[in-house]
Structures are given as C-alpha cells and as structure tokens.
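# A structural walkthrough
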Amino acid sequence: MKTIIEPFRIKVVEPIRLTTQEERRELLRKASWNLFSIHSDDVMVDLLTDSGTSAMSADQWGAIMRGDESYAGSPSYYRFEAAVRELMPFKHIIPTHQGRAAEAILFSILGGAGRVIPSNTHFDTTRGNVEATGATALDLVVAEARDTDSLHPFKGNMDVARLEVLLAEQGPSVPIVMLTVTNNAGGGQPVSLANIRAVAEVAHRHGKPLFLDACRFAENAYFIKCREPGQAHRSVPDIVRDMFALADGMTMSAKKDAFANIGGWLAMHDDELAGAARNRLILTEGFPTYGGLAGRDLEAIAVGLREIVDEQYLRYRLRTNEYIGERLRALGVPIVQPVGGHAVFVDARRFLPHVPPLQYPGQALAVALYETGGVRSCEIGTVMFGLRPDGTEQPAEMDLVRLAMPRRVYTQSHADYLIEVFEEVWARRGQLRGLRIAWQPKQLRHFTARFELLNA
Ligand code: F0G
C-alpha cells in the first residue's frame, strides 16, 4: 500500500472551536498581532510548536497512575533513569522541568563573561541562557544550511573547519561545544553521525566536552537511517546509542521526542560537573530524584521514550511533513528544503519580497495564516533573532515561518486544510503588509512584543 496511515487510533478527542475571519481579525488586534498572545481555544490548527503538545498514548496515561510522588528515591525516578540510559548511556541523569532548565543549570556553571559557546545553531532559549551569563553564543552551521534550496541531506551539520579555527584561536574561552539534533532554528535539519563523530574528535582533541541538545534525537536518528550511507539496515535505538556514545553529555526537552507534555533532563559522565549541577538543581528545580517534575511525569517520559523510537511511527512522522512540503511546493510556496523532521519552514522573505526584513515578513505571513484560516504558526526570523544584546537590531540570517507538527495530534484532513489556507494567502500575497514593533522587552522579544500593521 502506498498510503502511510496514522499508526494510531483516536480514543479521546479535544473539540476545535471554529471561528470566522472577522472574529480572528478582532482577536489579532486585541493581541497586538502577536500570536503568542492569542488564546489557544481561538486557534483552529495550532502549529505554533511541537513542544509539549503531543498526544500521549494509553500506555503513558496508564503509567501516570503508577507515579510515585515521594520526595526522595521514587521508583518513578528509577524507571525514568533506566529508560533514558537504555538509549543515552550517561552516568548522571538529572531531571528538570523542561529543556531550558537543563540549559540554565549547565550554562550557569560553564558560561560567564568572555566565554564563547559554539553550536550548529543555538535555539532561542539556549542562546538566551548562554547570553544571560554574559557569554557569547556562536552558530557554526555548514554553509548549505543558509541556502533554502540546497538538498544537502544533513543541513544541520556543524562546519568542522570553523570549529577547528575557533578552538585553535580562542580555545581557552570555550568551555563546551554544543550540537543541536535536529537543528531546530536551522529548519529542523538533521546532523549526520559522521558529523557528530568529526565534531567530537575536534572538541576532544582540544580537551572540550561535547553536549548534544537532543530534543529531537529520534527524528534525527531516523534521518540518519534513511540518508546516511551504511545506516539503512540498523535499528533506530542502535543509531541513537551511537549518537550519544560520541557525546559527553546532553540537554533534553522531553516535550519533544519523549511524547511528554512537560519534562527534560541534563545528563553527563563528568562527576564534578554533575555535582555542581545537582547543587544548582536543588536550589532551582527540586531534589535530584524528581527535578522540577512530579513522579507521574517521569513515568510518562519513561514510556514515551520507548514509543518514540518506533520506526513505523517515525516513518509516518517524517512523511507527514514531507506531504505538506510537497503540496506547498506544488503551489509555488518557497520552503526550506529538504523538509525538516518536526516542521515545515516557509521562506517568508521569498514569499513576501516586497516586505523588508526589518518590517518582519515572517510575522506578516504568520498573521495572514491566522487571519485567513485560524492556523497558528511561528515566526523564526528577525523578530526572534534580530535584537542584539546591545539593543540594536539587524535582519536575521533568514526570515522563516515554522509550521510545527504536534506529535500524533492532527490528521491528514488538517494538513489538507492547511494547504487550502496557504492557497488563499499565496493568491493575495502582494497585498500583505509588514509590521512595526510598538513595544518590546530587552530579551526574547518574540514572546511579548506588541506590533502595529504598517499601511499599504
Ligand atoms: N533546544 C531546542 C532545540 C528546542 O527546540 C527547545 C524548545 C529547547 C531547547 C528548550 O526546551 O521548551 O523544554 O524548555 N523548543 C520549543 C519549540 C519551545 O517550539 O521549538 P523547553
């Protein structure tokens, strides 16, 4: 059969409230054209994020009833630890309430003024947590990542030569090398096993630990299986174990590739770093056997980790986005190719060439998608990355709109509806206007900035 069906049945449903365009125009005005300020029950298809929005399985809900809420030594923690270690064999596994808490703990120890922390591309919270310590977050992704048409199979790879130069010239300032799998901010693009190996070799030769920001590790592993020479016959869990065997530690958001609605962890081999991290954890998150989580959350993660490496699921997962990507391309919509693991990224700068980057074409497109069809997406461009720590503004590398797919939540008819919404917005793209920022905070402005529509 050529149709890849959703490999699950629906047992519990959440109704979607249907709204009209007039209602949505008013809701946008009230939200100052910031989609983070829209109430989610006013959204029809919510593609803002794939984070924490997964549908949990019957087994996960069952495990939740087993959650043991003891302050110390809960069996739920040990089941969580065993499930993580099965795939990521680190010595110390430290639960946190989500990924950014793990980042905050890690960089509070390793960051600081004058330090430089390279990654392929830092995501917004990672960059924010690095910069909050006074350190510099440096993106060293390969050049192909910037060419939205390049069909390079691993556009998340780090430019190893640039890492080598950085470590040779500024080695003492670099406390750690990070690698994001898949590379979310760069379009959900995977990193190859060969690249992880090469980055680890360079980092280790310079005496630096390599940590994976591993939120979407299973999608990355399935891309390796499908695209990397010599990997096709291997099981996803084996590839996952290879990825983490090359690293010295990881940060994780269980809200992505663990099918959980909350949770994360920090893991490493180094005893001294782990000791410092646990001390910090107790101050900010909780005792080391629960982190910022309830025992029931740890149980949901343990089960989710086993479900996420299922190849039937991963095949369906990647195909969903590929399907949306193919249909958008057939309309002529410029997208980042190849399509990423968790999302389709639309190139808003090319979609709206008449809107200059500092009038936020990504935001303009995201607003139009909501107004037209009640679809909520996320700008990943100049609004998100254009504000520098010194308060000046510059165009981001790219202006993208991310259509992130929650896991096991929407069906093919939602995807077909999304394409119809695009059809309509594409047809009147010449009339879309840019925006100006009427108010913004000093950091992470995309969450709370207030916009105004510019006149035609
Ligand atoms: N690293 C990456 C690559 C991420 O995509 C995220 C979150 C985090 C770290 C932080 O994890 O949310 O659990 O604190 N990304 C979400 C997104 C928010 O929409 O892409 P968190």
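Residues numbered from 1 in each chain as written. Predicted model: local features only at pLDDT ≥ 70, side-chain atom pairs only at ≥ 80, totals over all residues. Heavy atoms only, no water.

## A short note on the sheet that holds strand S12 (residues 400–404)
One open sheet holds the three strands; their spatial order is S9-S12-S11, and the pairing between them is antiparallel. The sheet is open, and its two edges are formed by strand S9 (343–347) and strand S11 (378–380), each paired on a single side. The mean inter-strand angle of the sheet, taken between neighbouring strand axes irrespective of direction, is 30 degrees. One ladder, built from three bridges, connects S11 with S12; its direction is antiparallel. Bridge pairing links Ile-380 to Leu-400 in S12. Contacting S9 and S12, helix H12 (residues 311–331) runs over the sheet at an angle of about 25 degrees to S9. The strands touched by helix H14 (residues 361–373) within the sheet are S9, S11 and S12, with S12 carrying the most contacts at an inclination of about 40 degrees. (Pairing = 2+ DSSP bridges. Helix = DSSP H or I, 4+ residues; strand = E, 2+ residues; numbered from the N terminus. Axes fitted to C-alpha atoms, helices over the stretch in contact; angles between N-to-C directions. Contact = heavy atoms within 4.5 Å.)

## Comments concerning the sheet that holds strand S8 (residues 264–268)
Across the sheet, five strands lie side by side as S2-S8-S7-S6-S5; this open sheet has mixed pairing. Single-partner strands in this sheet number two, and they are strand S2 (92–96) and strand S5 (177–180). Within this sheet the neighbouring strands show an average axis-to-axis angle of 15 degrees, counted without direction. Alignment of strand S6 (residues 210–213) against strand S7 (residues 249–253), held across three bridges, turns out to be parallel.

## Regarding the nonpolar core
Core analysis: the largest hydrophobic core is formed by 61 residues, its most contacted members being Phe-217, Met-243, Phe-244 and Trp-265. Among the domains, domain 1 (21–50 + 310–453) and domain 2 (58–308) are the pair contributing at least three residues each to this core. In contact with Phe-217, other than residues within four places in its own chain, are Leu-87, Met-88, Val-181, Val-240, Met-243, Phe-244, Met-252, Asp-257, Leu-305, Ile-308 and Val-309. The next biggest cluster of nonpolar side chains, apart from the first, holds 47 residues, and it includes Leu-27, Ala-366, Ala-368 and Met-405. (Core = buried A, V, L, I, M, F, W, Y, C linked by side-chain atoms within 4.5 Å. Buried < 20%, exposed > 50% of the residue type's maximum accessible area, 1.4 Å probe, protein only. Domains from an automatic or database assignment.)

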